[in-house]
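Residue-level listing of the chains:
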Amino acid sequence: MIVDGKVMVMVPHTRAYLDEIDIAYLAGIIDGEGYIGISKGKQPVGPNYSYEIHVSLHMMDGVIPKMFLQYFGGKVSRSKTLTPRAKHSLSWKYLASGAKAMNLLLILLPRLIIKKQQANVAIYLQKQLSLHPRGKKLTEREIMERERLLSLSKDLKRIPVN
C-alpha cells in the first residue's frame, strides 16, 4: 500500500502499517538488543517434544518494547533486575513467539544484518512447525531436523558476523 508516497507494509496479526524507515529502525533494535531463539520443551507433549521460536528484547525504558507490542503483538512485562548503576531497577521485556515471532522476522528480515541467519533459521523452523499437525507423532527424520535447527540456532549466537 502507498500512503503519501511511502510504501507501507501491513503486519498480519495487528493490521498495523510500517514504512521502510520504521522497518529499518526496528530491525536495528533487534540486531543490537534483541534475541532470536528456539526453545525445546523440557517434557514431551503427547508423543513429541515441543519446539517454539521466540523474539525478545529487554530494555530499561518501556517505549521500544511497547512499540514492538503495538506493531507485532506478543507480550510486554516488567521485572526487577540488578544493574551496575542501581541495586534494583525495573526493566521491560518484549516477547513474541510462534507465528507472531515469524511475522515480525519476515517483515524485518530484509533490514537485519547481525541476526539475519538466526532469523532465517527461526522462520524455517516455524514454517515446518505449521505444516505438522499437533499431536501427530514426528518421524525420526523430523526430530533430527528440529534438533539440527535448535543446535544451529545456538551456534549462530557464538559466531561473530564479519
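Residues numbered from 1 in each chain as written. Predicted model: local features only at pLDDT ≥ 70, side-chain atom pairs only at ≥ 80, totals over all residues. Heavy atoms only, no water.

Chemist: How do you make sense of the environment of L90 when you look at a structure like this?
Modeler: Within the secondary structure, L90 sits in strand β7 (residues 89-97). The partly exposed category is assigned to L90, whose relative accessible area is 37%. Spatially, the C-alpha atom of L90 lies 6.4 Å from that of R78, the residues being 12 residues apart in sequence. Here L90 is in contact with M60, R78, S79 and K80, once residues within four sequence places are set aside. (Helix = DSSP H or I, 4+ residues; strand = E, 2+ residues; numbered from the N terminus. Buried < 20%, exposed > 50% of the residue type's maximum accessible area, 1.4 Å probe, protein only. Contact = heavy atoms within 4.5 Å.)

Chemist: How should the packing of aromatic side chains be read in this particular structure?
Modeler: The relation between two aromatic rings is expressed through the spacing of the ring centres and the mutual angle of the planes. Taken as a whole and judged by the stated rule, the model has 3 aromatic pairs. For the pair F68 and F72, a centre-to-centre distance of 5.8 Å together with 35 degrees between the ring planes defines the contact as tilted. Here F68 and its partner F72 are both found in helix α2 (residues 63-72), 4 residues apart, which amounts to about one turn of the helix. Of the residues examined, F72 reaches a relative accessible area of 1% and is grouped as buried. Ring centres of Y71 and F72 lie 6.4 Å apart, and the angle between their planes is 70 degrees; on these two criteria the pair is classed as edge-to-face. Like Y71, the residue F72 is buried in the burial classification. Within the aromatic cluster, the residues linked to one another by ring pairs are F68, Y71, F72 and Y94. Lying across the ring of Y49, K40 places its NZ or CZ 4.5 Å from the centre. (Phe/Tyr/Trp six-rings, centres within 6.5 Å; stacked < 30°, edge-to-face > 60°. Lys NZ or Arg CZ within 6 Å of the ring centre and 35° of its normal.)

Chemist: How do you make sense of the nonpolar core when you look at a structure like this?
Modeler: Ranked by internal contacts, the top residues of the largest apolar core, which has 38 residues, are L18, F68, F72, L104, L105, L108 and L112. Secondary-structure elements contributing two or more residues to this core are α1 (20-33), β4 (34-40), β5 (51-59), α2, β7, α3 (98-108), α4 (116-131) and α5 (140-156). Among residues more than four places away in sequence, those in contact with L105 are I36, V55, L112, A119, A122 and I123. (Core = buried A, V, L, I, M, F, W, Y, C linked by side-chain atoms within 4.5 Å.)

Chemist: What is the right way to read the pattern of salt bridges from this model?
Modeler: Should their charged atoms come close, side chains of opposite charge can pair. This structure, assessed with the given rule, holds 4 salt bridges. Between E20 and R111 there is a salt bridge whose closest N-O contact spans 2.4 Å. Pair noted here: E20 is in helix α1 and R111 is in the loop between α3 and α4, with a separation of 91 residues, a long-range link. Note that E147 and K40 form a salt bridge whose closest N and O atoms lie 2.8 Å from each other. Of the two residues, E147 sits in helix α5 while K40 sits in strand β4, which places them 107 residues apart along the sequence. Classification of E147 as partly exposed rests on a relative accessible area of 28%. When its relative accessible area of 34% is taken as the criterion, K40 is described as partly exposed. (Salt bridge = Lys/Arg side-chain N within 4 Å of Asp/Glu carboxyl O.)

Chemist: So what exactly am I meant to see when it comes to the environment of P110 here?
Modeler: Among the structural elements, P110 can be located in the loop between α3 and α4. Overall, the relative accessible area of 54% leaves P110 in the exposed class. Spatially, the C-alpha atom of P110 lies 8.6 Å from that of A27, the residues being 83 residues apart in sequence.

Chemist: I keep staring at the side chain of Q126 and nothing clicks. Help me out?
Modeler: Looking at the secondary structure, you find Q126 in helix α4. Note on Q126: relative accessible area 10%, which makes it buried.

Chemist: How should I be thinking about the confidence of the model for the protein in this particular structure?
Modeler: Keep in mind that low pLDDT regions are not for reading the predicted coordinates in detail. Summarising the model, the protein shows a mean pLDDT of 87, and 88% of its residues fall at 70 or more. The lowest-confidence element of the protein is strand β1 (residues 2-3), averaging 62 in pLDDT; the highest-confidence one is β4, averaging 96. (pLDDT = per-residue confidence, 0-100.)

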